[in-house]
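One-letter residues, chain by chain:
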Amino acid sequence: MTDLHPLRERAASLDAADPLAALRAEFVLDPDVVAYLDGNSLGRLPVRTQERLATFVRDEWGGRLIRGWSEGWVDLPVVVGDEVGVLVGATAGQTVVADSTSVCLAKALHAAVSLVPGRDRLVVSTADFPTDRYLARRVAEGRGLELMEVDDVAAAIDDRTAVALVSHVDYRTGALLDLPGLTAQVHAAGAVVVWDLCHSAGVVPIDLDAAGVDLAVGCTYKYLNGGPGSPAFLYAASRHHARLEQPLPGWWSADDLFAMADEYRPAPGIRRMLTGTPPVAGLLAVQQGVSLATEAGVPAARAKSEALTAFCIEVLDELGLEVVTPRDPAQRGSHVTVRLHDARAVAERLTDRGVVPDFREPDLLRLGLAPLTTSFGELLDGLTVLAEVLDQVGPVG
Ligand SMILES: Cc1ncc(COP(=O)(O)O)c(C=O)c1O
């Protein structure tokens, strides 16, 4: 079995030099977990979220009841949206937090199609997360567009393209796309772009405004530590607001929420992308997670993420595994994936031993490295157990 002990000192010195190391104390660390390598599916629980939600339940929900809406809850989708916006390069008034990523994406795709009349193709990658592809198919069908499901989105964009839906980081391989470059290419072809930022928000520098992105969505339960099922964010550039049409208009997207008007008039700004009553507890949890990501700063998170993924790849190479994540740090997000023919069994054994990875069909073991909460020592502990498990399950390939 490969001896990883010589790497202990390296991990310890990387942790000692890590400017974000102190942030780990801001999160609940379960002593039974040897290594949590799934922060890209569900981020760890911030200590401050426990406190904030307890106060909310006791004093605000319990103490204020319906009055809470006029005392601040009503503005939370936009307030928290602006806070998320800081992490993705969106100035105020262009981002809302509400609904799941899938619902936000459905709205964003419809809105995007409406911005480009006269074009008849919607382009999506075959590598995209299932929800993105299912929704793209449905939107294309419903709006009379031809769906192009392709391996290379950039190569498929032409003068028939209305909308390109692109994932910033591939949820399986961790490959990171060039957001400004691809956005410019889509615009040069006269089309609009919708970005899925689920695997990059908070850990990859993003400047939506500077890149001129049209619309974007992302979840908040991964690197933003908002908690299971926390509401997603939707960005729409302010230059499009007056023309944004969405498929689920509700009273929360109406111009005057409490007018209860017979005729629907959309709100002039980003609120027009909302639909119904937002999840207040979830929004408050997102706010706490986002505050930690903001304190860390995306550039520092990115620097640590690059160092973590590099260290991880180095160890996986030592173990002789097939790394499918790009080796150039500039071309990867914050998770590292290996191909193993018995990845499912390996993932189960790891979990039994307190190392929590992700398994993705059919043969991928995905290791999510969250720069605010993963230490180099923790990562090495997890990979040491991986080496032991691989030894037990026999040859891999
Ligand atoms: C890249 C990507 N897009 C979309 C989704 C769907 O998100 P939701 O379940 O919040 O709708 C996920 C979920 O993990 C995802 O990873």
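A.B. asks: Explanation requested: the overall build of the chain in the structure shown.
C.D. replies: Across its full length, the chain carries 13 helices and 13 strands. In terms of overall size, the chain behaves like a compact globule, its C-alpha atoms giving a radius of gyration of 22 Å where 397 residues would be expected to give roughly 21 Å. Its C-alpha atoms give the chain principal-axis dimensions of about 70 × 55 × 35 Å. By the burial criterion, 56% of the 397 residues in the chain qualify as buried. Within the chain, counting contacts between residues at least 6 apart in sequence, those at least 24 apart form 71% of the total. Summed over all atoms, the accessible surface of the chain reaches about 15,900 Å², with 55% contributed by carbon and sulfur. Across the chain, the 34 positively charged side chains and the 54 negatively charged ones have centroids separated by 3 Å.

A.B. asks: How do you make sense of the packing of helix α11 (residues 298-318) against helix α13 (residues 376-393) when you look at a structure like this?
C.D. replies: It is the contact of α11 with α13, at a shortest axis distance of 11 Å, that shows an interaxial angle of 25 degrees. Of the possible angle classes, the one that applies to α11 and α13 is roughly parallel. Our pair here, α11 against α13, has a crossing hand that is right-handed. Listed contacts from α13 to K304, A307, L308, F311, C312, V315 and L316 of α11 are F376, L379, L380, L383 and L386. Residue composition of the contact of α11 with α13, grouped by class: 11 nonpolar, no polar and one charged.

A.B. asks: Would you take a moment to explain the site of the ligand for this structure?
C.D. replies: Taken together, S100, T101, S102, F129, T131, D132, D196, C198, H199, Y221 and K222 make up all the residues around the ligand. A distance of 2.8 Å is found between an oxygen atom of the ligand and a side-chain nitrogen or oxygen belonging to T101. A distance of 2.5 Å separates an oxygen atom of the ligand from a polar atom in the side chain of S102. Looking at the shell around the ligand, the elements that each hand over two or more residues are α5 (101-115) and α6 (130-143). Its residues assigned to classes, the shell around the ligand comprises three nonpolar, five polar and three charged.

A.B. asks: Honestly, the side chain of R119 in this entry has me stumped. Any pointers?
C.D. replies: Topologically, R119 is positioned in the loop between α5 and β3 (121-125). D158 provides the closest opposite charge to the buried, unpaired R119, separated from it by 6.1 Å. Among the polar contacts listed, one links the side chain of R119 to the backbone oxygen of T161, at a separation of 2.6 Å. In this structure R119 touches L145, D158, D159, R160, T161, A162, A189, G190 and A191, once residues within four positions along its chain are discounted.

A.B. asks: So what exactly am I meant to see when it comes to helix α10 (residues 280-296) here?
C.D. replies: Count 3.6 residues to each turn of an α-helix, and residues three or four apart come out pointing the same way. The first and last C-alpha atoms of α10 sit 25 Å apart over 17 residues, in line with the 24 Å expected at 1.5 Å per residue. The buried count for α10 comes to 13 of 17 residues, which makes it a mostly enclosed element. Once α10 finishes, G297 follows within two positions and takes phi at roughly 85 degrees, a positive value.

A.B. asks: Looking at this structure, I do not really get the packing of helix α4 (residues 76-87) against α10. What am I missing?
C.D. replies: For the pair α4 and α10, interaxial distance at closest approach is 10 Å and the crossing angle is 25 degrees. In this view, α4 runs roughly parallel relative to α10, as classed from their interaxial angle. By crossing handedness, the relation of α4 to α10 is classed as left-handed. Counting all contacts with α4, which are made through L76, P77, V79, V80, E83, V84 and L87, the residues of α10 involved are V280, L283, L284, V286, Q287, V290, A293 and T294. Of the residues belonging to the contact of α4 with α10, the class tally is 12 nonpolar, two polar and one charged.

A.B. asks: Any chance you could explain the sheet that holds strand β10 (residues 335-339) here in plain terms?
C.D. replies: Hydrogen bonding along the main chain pairs the strands of a sheet, whether they run parallel or antiparallel. Strand order in the open sheet formed by four strands is β9-β10-β13-β12, and the pairing between neighbours is antiparallel. Each edge of the open sheet carries a strand with a single partner, namely β9 (322-323) and β12 (358-360). When β10 meets strand β13 (residues 364-368), the two strands line up antiparallel, connected through five bridges. Bridge pairing in β13 places R339 opposite L364. Each of β9, β10 and β13 is contacted by α11, which is oriented at about 20 degrees to β10, the strand it contacts most.

A.B. asks: I would appreciate a short explanation of the domain arrangement of the chain in the present structure.
C.D. replies: How big an interface is tends to be reported as the loss of accessible area on association of its parts. Entries for the chain in the domain assignment read domain 1 (5-45 + 297-393) and domain 2 (72-295). If you look at the interface, domain 1 gives 31 residues, while domain 2 gives 24 residues. At the surface where domain 1 touches domain 2, the tally comes to zero salt bridges. Taken together, the links from domain 1 to domain 2 amount to 14 residue pairs in polar contact (both at pLDDT 80 or more). The set of elements that each furnish at least two residues to the side of domain 1 that touches domain 2 consists of α11, β10 and β13. With three residues, α11 is the largest single contributor of residues to the side of domain 1 that touches domain 2. Among the residues forming the side of domain 1 that touches domain 2, the class breakdown is 13 nonpolar, 11 polar and seven charged.

Cut-offs applied
Residues take numbers from 1 onward in each chain, read along the sequence in its written order. Reporting in this predicted model follows two pLDDT cut-offs: at least 70 for local features of residues, and 80 or more for side-chain atom pairs to be given and counted; totals over whole chains, interfaces and linings ignore these cut-offs and use all residues. Excluding hydrogens and water, the side-chain values take into account all heavy atoms of the structure. Numbering of helices and strands starts at the N terminus; helices are DSSP runs of H or I of at least 4 residues and strands are runs of E of at least 2. Based on C-alpha atoms, the radius of gyration is set beside the globule rule, defined as 2.2 Å times the residue count to the power 0.38. Buried means the residue's accessible area, taken with a 1.4 Å probe over protein chains only, is under 20% of the maximum for its type, while exposed means over 50%, and partly exposed covers the values in between. Contacts are assigned to residue pairs with any non-hydrogen atoms lying within 4.5 Å of each other. Every accessible area reported is derived by Shrake-Rupley at a probe size of 1.4 Å, with residue values counting cover from the shown protein chains alone. In this tally Asp and Glu are treated as negative and Lys and Arg as positive; neither His nor the chain ends contributes. A single reference atom marks each charge: NZ on Lys, CZ on Arg, CG on Asp, CD on Glu. What counts as an axis is a line fitted to C-alpha atoms, over the stretch in contact for a helix, and the angles between N-to-C directions run from 0 to 180 degrees. Throughout this description, any angle smaller than 35 degrees is read as roughly parallel, any larger than 145 degrees as roughly antiparallel, any in the 65 to 115 degree range as roughly perpendicular, and the remainder as oblique. Helix crossings fall into two classes, left-handed where the near helix is turned counterclockwise from the far one by less than a right angle and right-handed where it is turned clockwise. Note that Gly is not counted as nonpolar here; it falls among the polar residues with everything else outside the nonpolar set of Ala, Val, Leu, Ile, Met, Phe, Trp, Tyr, Cys and Pro and the charged set of Asp, Glu, Lys and Arg. Think of it this way: one heavy atom of a residue within 4 Å of a molecule or strand is enough to make that residue near it. Polar contacts, as counted here, are pairs of nitrogen or oxygen atoms within 3.5 Å of one another; within protein the pair requires one atom able to donate a hydrogen and one able to accept it, and residues that are adjacent in sequence qualify only if both atoms are side-chain atoms. Any Lys or Arg side-chain nitrogen located within 4 Å of an Asp or Glu carboxyl oxygen qualifies as a salt bridge. One less than the residue count of a helix, multiplied by 1.5 Å, gives the span that helix is expected to have. By definition, two strands form a pair when at least two bridges between them are found by DSSP. These domain boundaries are the output of an automatic or database domain assignment.

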